[in-house]
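One-letter residues, chain by chain:
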Amino acid sequence: MTTMMKMTFVMSIARTTTSSSSSSSTTGTTQYHQCYHHPRSRQMCSSFSSSSSSFTSSVSMMTIPRKRRRRQKRFASSRALSSSDSNDTCANITTTTLATTTTMTTMMAMLLMMNFAVEPAEAGQITNYLAAGNYSFLEREYQDLTYAGVSLVDVGTCDGKQCVKVTYDDEKVPFERIMRVYFKHFDPKNASKGQYSEVGEQYKPAVYVNSEKEKTYVNDSLDKLERSRVFGRNLADNWVSNIPVLDAQSVKFEREQDDGKRNVMKTNPKSLEKLSKARDAQFDQLWGFVQFCYERVCGYVRFAPACVGECQEVFPEFLSRNSGVPELEGDVKITGGTYKA
């Protein structure tokens, strides 16, 4: 009895497409290769090509031992009998593939057209100019908003005052947020002379706006901050008048030409260490936090503890953060934080 050897093989198909064109017609030819690998290092490959007019098939044998050639010849003969069926199948596969490719290409083109049709127009860029002492401090604060939609922060002078030029997408960063950053980093106490420990005309504050709506918001916010006494109860009345709100369209902005004076808070913060002390002290006191006990119950934390009343209308985020937390009145014992009573 003849023992049948179990033969395992793996079929790999490689496809190569070639094309030739002339002035009147284009003919495409696709070449297919099928290889059967025997466990004992024998390999048989067959190839067939398809074109618009005919299919051809050929069988080649490589590395086949002499004693097995007869068996392989019989195998090749049996494949020749079914070559017409294989060719028809390959033709159907090729036709289906071409049709699918055409359909996918059409669908992709339609999707791209739809995407361009519904894509919204690029949001407008708004530019404001803000002055509050040495421009390096505001420069750092607005650079921290680049993740949110601020696209450009530049430094220079605005009508002789040190200022920053802030360009941003107002659909991502509203004007109100730009101004809240400013309100946290300006000093109304010394606004008539300069800012913080910086004295001189070039350090005086100013806000440059683009519309009446922006101007109204700035003036109303300054009035609320004044009435709330967030900057201190001993502050002179009507300090708002020392912070002019001007037209950004008519500003004379002169860009800083010395690149060494840009990004100083990142490249050389020690050079501004003395000026930073007064700013940091005010920020910690007004916009930091406090830990305290109220009526012998400890563990309370309040953010921006001095911002109450109308101040929270300018900074609504503190209203939500401090929801349910007592104000610093009555039986209060401060246990930690940046705020000093």
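The rules behind the values
- Residues numbered from 1 in each chain as written.
- Predicted model: local features only at pLDDT ≥ 70, side-chain atom pairs only at ≥ 80, totals over all residues.
- Heavy atoms only, no water.
- Helix = DSSP H or I, 4+ residues; strand = E, 2+ residues; numbered from the N terminus.
- Buried < 20%, exposed > 50% of the residue type's maximum accessible area, 1.4 Å probe, protein only.
- Contact = heavy atoms within 4.5 Å.
- Areas by Shrake-Rupley, 256 points an atom, 1.4 Å probe, with all protein chains shown as cover.
- Polar contact = N/O pair within 3.5 Å; in protein donor to acceptor, adjacent residues only side chain to side chain.
- Phe/Tyr/Trp six-rings, centres within 6.5 Å; stacked < 30°, edge-to-face > 60°.
- Lys NZ or Arg CZ within 6 Å of the ring centre and 35° of its normal.
- Pairing = 2+ DSSP bridges.
- Axes fitted to C-alpha atoms, helices over the stretch in contact; angles between N-to-C directions.
- Salt bridge = Lys/Arg side-chain N within 4 Å of Asp/Glu carboxyl O.
- Expected span 1.5 Å × (residues − 1).
- Disulfide = S-S within 2.5 Å.

A. Quick look at the overall build of the protein. Within the protein, the regular secondary structure consists of nine helices and 15 strands. Across the 341 residues in the protein, those meeting the buried criterion constitute 36%. Once local pairs closer than 6 in sequence are excluded, the contacts in the protein between residues at least 24 apart make up 61%. Here the protein has roughly 21000 Å² of accessible surface; of this, 52% comes from carbon and sulfur atoms.

B. Broad picture of the side chain of glutamate 141. Within the secondary structure, glutamate 141 is located in helix H3 (residues 135-143). One polar contact links glutamate 141 to histidine 185, side chain to side chain, over a distance of 3.4 Å. Residues within four places of glutamate 141 in sequence aside, it is in contact with Val181 and His185.

C. Broad picture of the packing of aromatic side chains. With the rule as written, the count across this model stands at 14 aromatic pairs. Ring geometry for tryptophan 287 versus phenylalanine 315: centroids 4.7 Å apart, planes at 45 degrees, classification tilted. One end of the pair, tryptophan 287, is in helix H7 (residues 273-287); the other, phenylalanine 315, is in the loop between helix H8 (311-314) and helix H9 (316-321), and 28 residues separate them in sequence. Take tryptophan 287: its relative accessible area is 6%, and that puts it in the buried class. Among the aromatic residues, ring-to-ring pairing joins Tyr182, Phe183, Phe186, Phe231 and Trp239 into one connected group. Sitting above the plane of the phenylalanine 303 ring, arginine 321 keeps its charged end 5.6 Å from the centroid.

D. Region of interest: the sheet that holds strand E11 (residues 245-247). Taking strand neighbours across the sheet as the criterion, the six strands line up as E11-E10-E5-E7-E6-E12 in an open arrangement whose pairing is mixed. On the outer flanks of this sheet lie E11 and strand E12 (253-255), each paired with one strand and no other. When strand polarity is set aside, the average angle formed by the axes of neighbouring strands in this sheet is 35 degrees. Note: strand E6 (residues 150-158) against strand E7 (residues 161-169), eight bridges, orientation antiparallel.

E. Up close: the pattern of salt bridges. Tallied over the entire structure, the rule returns 10 salt bridges. Because the salt bridges share partners, they merge into one network encompassing Asp154, Arg255, Asp259 and Arg262.

F. Main features of the pairing of strand E14 (residues 297-303). Both strand E13 (residues 289-294) and E14 contribute to a ladder of five bridges, which runs antiparallel. Within E14, the residue paired with phenylalanine 289 across the bridge is phenylalanine 303. Between E13 and E14, which follow one another and run antiparallel, lie two residues, and glutamate 295 among them has a positive phi close to 50 degrees.

G. How the structure looks around helix H5 (residues 212-228). Taking 1.5 Å per residue as the helical rise, H5 with its 17 residues ought to reach 24 Å, and the 24 Å between its terminal C-alpha atoms agrees with that figure. Along its buried surface, H5 packs onto strand E5 (125-131), E7, helix H4 (175-184), strand E10 (206-209), E11 and H8. Once H5 ends, the next one or two residues include arginine 229, with phi positive near 60 degrees.

H. Focus on the state of the cysteines. Taken as a whole, this structure holds three disulfides when the rule is applied. A sulfur-sulfur distance of 2.0 Å marks the disulfide that ties cysteine 307 to cysteine 311. Every disulfide takes its handedness from the sign of the S-S torsion; for cysteine 307 and cysteine 311 that torsion is -105 degrees, giving left-handed. Here cysteine 307 falls in the buried class, since its relative accessible area comes to 0%.

I. Inspection of the sheet that holds strand E15 (residues 332-337) at higher detail. Taken together, three strands build an open sheet; the order of strands is E14-E13-E15 and the sheet is antiparallel. Edge positions in the sheet fall to E14 and E15, since each has one partner strand and no second. Each neighbouring strand pair of the sheet contributes to a mean axis angle of 30 degrees, computed without reference to strand direction. Pairing between E13 and E15: five bridges, direction antiparallel. Paired with valine 290 across the bridge in E15 is glycine 337.

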